[in-house]
Amino acid sequence: QVQLVESGGGSVQAGGSLRLSCAASGRAFSSYTMGWFRQAPGKEREFVAASTWSGSTKYYADSVKGGFTISRDNTKNTVYLQMNSLKAEDTAVYYCAAQFAGSGDYYDAAEYVYWGQGTQVTVSS
């Protein structure tokens, strides 16, 4: 069982940056792939980025590639999402999620078994 808590969301002007954090607690942290998803008002939940917890493999959605960076600090059991050059279309609730490594597709929300509560990111001009 894993508990996930997101933090770092807020309101920012277009072109600004935010850094989201996801702190994990529980057992077998290294066995989980960690992912970031987001859901904008009136939109479906979409994949943002993912990373193996103890490995170095990372994945990004085409819409955020080059602007967002996922990273991790295993000593703190924490995954981060650095968001640069934010745009209005990045406004959404951002969720951290975990799945057993190799248990499913990294980009498929249905394959993740643990979810955080979410943190709001609002980008305005």
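Above this note sits the structure.
What this report covers is the structure whose coordinates are included nearby. Remember, it's a predicted structure, so these values are computed and weren't measured experimentally.

**Structural notes on the side chain of glutamate 6**
Tracing the backbone shows glutamate 6 in strand E1 (residues 2–7). In this structure, glutamate 6 is buried with no salt-bridge partner, the nearest side chain bearing the opposite charge being arginine 45 at 9.4 Å. Here the side chain of glutamate 6 touches glutamine 117 through a polar contact of 3.0 Å, landing on its backbone nitrogen. A polar contact is formed between the side chain of glutamate 6 and the backbone nitrogen of glycine 118, at a distance of 2.8 Å. The contact partners of glutamate 6, leaving out residues within four places of it in the chain, are Ser21, Cys22, Trp36, Tyr94, Tyr95, Cys96, Gly116, Gln117, Gly118 and Thr119.

**Details of the environment of glycine 35**
Looking at the element boundaries, glycine 35 is found in strand E4 (residues 32–39). Sequence separation of glycine 35 and alanine 109 is 74 residues, and the distance between their C-alpha atoms is 8.8 Å. The contact partners of glycine 35, leaving out residues within four places of it in the chain, are Ala49, Ala50, Tyr95, Cys96, Ala97 and Tyr112.

**Observations concerning the pattern of salt bridges**
If you walk through the whole model with that rule in mind, you get two salt bridges. Put simply, arginine 38 and glutamate 46 hold a salt bridge, and the shortest N to O gap is 2.6 Å. Between arginine 38 and aspartate 90 there is a salt bridge whose closest N-O contact spans 2.9 Å. You can see arginine 38 sitting in strand E4 and its partner aspartate 90 sitting in the loop between strand E8 (78–83) and strand E9 (92–100), a full 52 residues away along the chain. Of the residues examined, arginine 38 reaches a relative accessible area of 5% and is grouped as buried. Three or more residues joined by partner-sharing salt bridges are found here, namely Arg38, Glu46 and Asp90.

Each value, and the rule that gives it
- Residues numbered from 1 in each chain as written.
- Predicted model: local features only at pLDDT ≥ 70, side-chain atom pairs only at ≥ 80, totals over all residues.
- Heavy atoms only, no water.
- Helix = DSSP H or I, 4+ residues; strand = E, 2+ residues; numbered from the N terminus.
- Buried < 20%, exposed > 50% of the residue type's maximum accessible area, 1.4 Å probe, protein only.
- Lys, Arg positive; Asp, Glu negative; His and termini not counted.
- Salt bridge = Lys/Arg side-chain N within 4 Å of Asp/Glu carboxyl O.
- Polar contact = N/O pair within 3.5 Å; in protein donor to acceptor, adjacent residues only side chain to side chain.
- Contact = heavy atoms within 4.5 Å.

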